[in-house]
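Given next are the chains, with one letter for each unit.
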Amino acid sequence: QGDCLKKFKKLGDGCIDLVFADPPFNIGYNYDVYEDRRARGEYLDWCRDWIIEIRRVLKPDGSFWLAIGDEFAAELKLIAQDDVRFACRSWIIWYYTFGVNCVRGFSRSHTHLFHFVSDPENFTFNGENPAIRVPSARQLVYADSRANPKGRLPDNTWIYRPQDAPQGGFAPMHDTWYFSRVAGTFKEREGFHGCQMPEQLLGRILRVSSNPREIVLDPFSGSGTTLVVAKKLGRQWLGFELSRDYAKRIVQRLEKTSVGDALDGPADPMRSAPKTKQGKTRGRVRNGRLVLPLDDDTQRGIVAAYREQCGGESTDFVLCNPEVAAAFVQACKKKGLTGNAYAWNRLLLRIRKSGKLPRTKNRTKRLTFAEMDPYSFASEIAMQALAVDYGLTLDEMLCAADFAAEFDRVAAEFAPGFTSFKYRWAALAIRKRAKKSKSLAKSKFADWLDKDLPKPVALARFANRPSPGSGVYVLTKDGNQQLYVGEAVDISKRVAQIQQTAAWQQLKVTGISHIPSEQRLQHGLQSALIHKTRPLLNSELLCPDFDTVA
């Protein structure tokens, strides 16, 4: 809580990954402690000062998003570009309903969103994130099997009148974004601050310009929505807020928010697709996903490619082994199948589920959890990172080579030195055991919901203690922020592994709590403690719903 210019001085150079700033617009809005009617020169000088500070604290590949009204949009863009030397990547228009009515002018129904970067050649832009991509016309209008099943990146497009657009309004692929303003009657409205951003709009920005565990800064936190969205999407967050009352309420919002919570509001409030004059039907959507077309010829080709290249191994083995997966994809290409690697892998799983794949010999020996112990926790963390940030299921992660490679990269950050096959196989094993873990949590460890965790011990001190053997552990930061709940065959080895790994060092793990448990029940206790503490890095797959217990 405090003045942003004073708080900026406490930050070192190059320590922030993404800044989202929604400053006062200088239009006379009635804030509780800030005067929103400054002289023009005074306001611009003040804005220049905090934009300079944003430039200083951003990392070299960082991004700065600015939300601003008509009155000073052009001036602040020029200040950021010419005075502070930011590069402008995009000028987005956020169009909203429930705008401010005007008597002698057109009603205000939009805000400007500027995307600035420090280095135009090196900045985070997660264009492959499926939560960013939008369905193409080939998918929705023409149901064309040649369409990229991932959709496409948004266009650079102008639309003049929403009622003249064939979709009845602004579409999500344009540089004019349609999200309803959070009006007073809306369920997600917090009520204590009049200028509340939609969570879905901020979700799009955070997903495209930052990665899980990176630091997001909002120097004008207001209602706290940026920080809440950052927490939901697995980012670290930092906010400045002048008002003591607003700051207190932001903390209350954050305490009610957990990593992995769904964002409020519809992701695409105008989603629809017109029928063409030729009468072709739109692509089918199931559970928010476009259903890939599968005709008889494609099915026969995929089955034949699987027989030829996969040596009797299971489909799980195919997705976990990059070499076998690549051979399967090449066989599909040689057969001239329509689509791409992601589509063929997804269809392979669908054919398996339908029982139309040849029976496998299951040659690969199943690994035990004791054998996977040195790296399975890293697989869980990677699974959570891609699920929270990209909204992907594990199958979707493994079906796309780029997402699978990102999964491997994240896992290797936390447990370096293992193969892609091991990371991916462990993730599938965790998913298969998740139901049993949650059942154990409810039947054996429900009493932990009312217990206090053991007081955290500093990692260095814990490492010098006699080996505690196996059990469940909780990693903390700054004494009270839970980062990860894990289980280990040998916790002393796990602590040594954590101390030597850069990814853990960057998270600044400060303490560990140890809870002894029978080895065969550890995953149940882990599941119960995930529910209790809602840590940053654990997979939601392992989190039971205790509300359903009689």
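Attention here is on the structure that accompanies the text. Worth saying up front: this structure is predicted, and the values here are computed from it rather than measured.

### Let's talk about the overall build of the protein
- Helix and strand counts for the protein stand at 19 helices and 13 strands.
- Each of the 550 residues in the protein was classed as buried or not, and the buried ones make up 52%.
- Partitioning the intrachain contacts of the protein with sequence separation of at least 6 by distance along the chain shows that 71% fall at a separation of at least 24.
- Of the roughly 26,000 Å² that the protein leaves accessible, carbon and sulfur atoms contribute 49%.

### Some words on the pairing of strand S1 (residues 16-21)
- Among the six residues of S1, six are classified as buried, and the element is accordingly described as predominantly covered.
- Judged from the five bridges that link them, S1 and strand S2 (residues 58-68) form a sheet pairing that is parallel. Across the sheet, Ala21 pairs through a bridge with Leu66, a residue of S2.
- As defined by bridge partners, S1 adjoins strand S6 (residues 215-218) across two bridges and the pair is classed as parallel. In the sheet register, Leu18 faces S6, and the bridge partner there is Val216.

### Overview of the environment of Ser376
- Here Ser376 lies in helix H12 (residues 369-390).
- According to the relative accessible area criterion, Ser376 is buried, its value standing at 12%.

### Observations concerning the sheet that holds strand S12 (residues 481-488)
- Taken in spatial order, the four strands make up an open sheet running S10-S13-S11-S12, and their pairing is antiparallel. In the strand order of this sheet, the two ends are held by strand S10 (457-458) and S12, each with one partner.
- Across five bridges, strand S11 (residues 471-477) lies against strand S13 (residues 511-515) in antiparallel orientation. Residue pairing in the sheet places Thr476 in a bridge with Gly511 of S13.

### Let's talk about the packing of aromatic side chains
- For the structure shown, the criterion picks out 20 aromatic pairs.
- With a centroid separation of 4.8 Å and 45 degrees between ring planes, the pair formed by Tyr375 and Phe418 is classed as tilted. One end of the pair, Tyr375, is in helix H12; the other, Phe418, is in the loop between helix H14 (401-414) and helix H15 (420-444), with 43 residues separating them in the sequence.
- Residue class for Tyr375 comes out buried when judged on its relative accessible area of 2%.
- Seen in terms of ring centroids, Tyr375 and Tyr423 are 6.4 Å apart; in terms of plane orientation they differ by 85 degrees. Their pairing is edge-to-face.

### Remarks on the side chain of Asn321
- Its location among the elements puts Asn321 in the loop between helix H9 (315-320) and helix H10 (322-334).
- Of the polar contacts made by the side chain of Asn321, one reaches the backbone nitrogen of Glu323; its length is 3.0 Å.

### Some points on the packing of H14 against H15
- It is the contact of H14 with H15, at a shortest axis distance of 10 Å, that shows an interaxial angle of 95 degrees. As far as their axial angle goes, H15 and H14 are roughly perpendicular. Between H14 and H15, the residues in contact are Ala404, Ala405, Phe407, Asp408, Ala411 and Ala412 and Ser420, Tyr423, Arg424 and Ala427, respectively.
- The residue inventory of the contact of H14 with H15, partitioned by class, reads seven nonpolar, one polar and two charged.

### Let's talk about helix H3 (residues 73-83)
- Listed in full, the buried residues belonging to H3 are Ala73, Leu76, Lys77, Ile79, Ala80 and Gln81.
- Positive backbone phi, at 70 degrees, marks Arg85, one or two positions downstream of H3.

### A look at the nonpolar core
- One finds Phe328, Leu386, Phe414 and Trp504 to be the most contacted residues of the largest nonpolar core, which totals 107 residues.
- Not counting chain neighbours up to four residues away, the residues in contact with Leu386 comprise Gly391, Leu392, Met397, Phe403, Glu406, Phe407 and Val410.
- Core analysis: the next-biggest nonpolar cluster, separate from the first, contains 34 residues, Phe8, Trp50, Val84 and Phe240 among them.

### What to know about the packing of helix H6 (residues 225-232) against helix H7 (residues 244-255)
- Across the interface, H6 lies against H7 with an axial gap of 10 Å and an inter-helix angle of 20 degrees. Overall, the two elements H6 and H7 adopt an arrangement that is roughly parallel. Crossing of H6 against H7: the hand is right-handed. Residues Thr225, Leu227, Val228 and Lys231 of H6 pack against Ile250, Arg253 and Leu254 of H7.
- In terms of residue class, the contact of H6 with H7 is made up of four nonpolar, one polar and two charged.

### A word on the environment of Val388
- Tracing the sequence through the fold places Val388 in helix H12.
- Each C-alpha atom, one on Val388 and one on Leu233, is 5.4 Å from the other, the two residues being 155 residues apart in sequence.
- Setting aside residues no more than four positions away along its own chain, Val388 makes contact with Arg207, Lys232, Leu233, Gly234, Val259 and Gly260.

Calculation notes
Once a new chain begins, its residue numbering starts again from 1 and follows that chain's sequence as written. For this predicted model, a pLDDT threshold of at least 70 governs which residues receive local features, and a threshold of 80 or more governs which side-chain atom pairs are given and counted, while totals over whole chains, interfaces and linings are taken from all residues. With hydrogens and water set aside, each side-chain value is computed from the structure's full complement of heavy atoms. Helix and strand assignments come from DSSP, with helices taken as H or I runs of at least 4 residues and strands as E runs of at least 2, each series counted from the N terminus. Per-residue accessibility, obtained with a 1.4 Å probe over protein chains only, is compared with the maximum for each type, and a residue is labelled buried under 20%, exposed over 50%, and partly exposed between these values. Here a residue-residue contact requires only that any non-hydrogen atoms of the pair lie within 4.5 Å. Method for areas: the Shrake-Rupley scheme with a 1.4 Å probe, in which residue coverage is limited to the protein chains shown. Two strands qualify as a pair provided that DSSP identifies no fewer than 2 bridges between them. We call Phe, Tyr and Trp rings a pair once their centres come within 6.5 Å, taking the six-membered ring for Trp, and we label the pair stacked below 30 degrees between planes, edge-to-face above 60, and tilted otherwise. Distance and chemistry together define a polar contact, namely a pair of N or O atoms within 3.5 Å, with one atom able to donate a hydrogen and the other to accept it when in protein, and with adjacent residues in sequence counting only for side-chain atoms on both sides. The convention used is that axes are lines fitted to C-alpha atoms, helices contributing only their stretch in contact, and that angles between N-to-C directions extend from 0 to 180 degrees. Orientation categories follow fixed angle ranges, with anything under 35 degrees roughly parallel, anything over 145 roughly antiparallel, 65 to 115 roughly perpendicular, and all other angles oblique. Note on residue categories: nonpolar means Ala, Val, Leu, Ile, Met, Phe, Trp, Tyr, Cys or Pro, charged means Asp, Glu, Lys or Arg, and polar means any other residue, Gly included. In this description, a nonpolar core means a group of buried Ala, Val, Leu, Ile, Met, Phe, Trp, Tyr and Cys residues linked to one another through side-chain atoms lying within 4.5 Å. Note on convention: near helix rotated counterclockwise from far helix by under a right angle means a left-handed crossing. Clockwise means right-handed.

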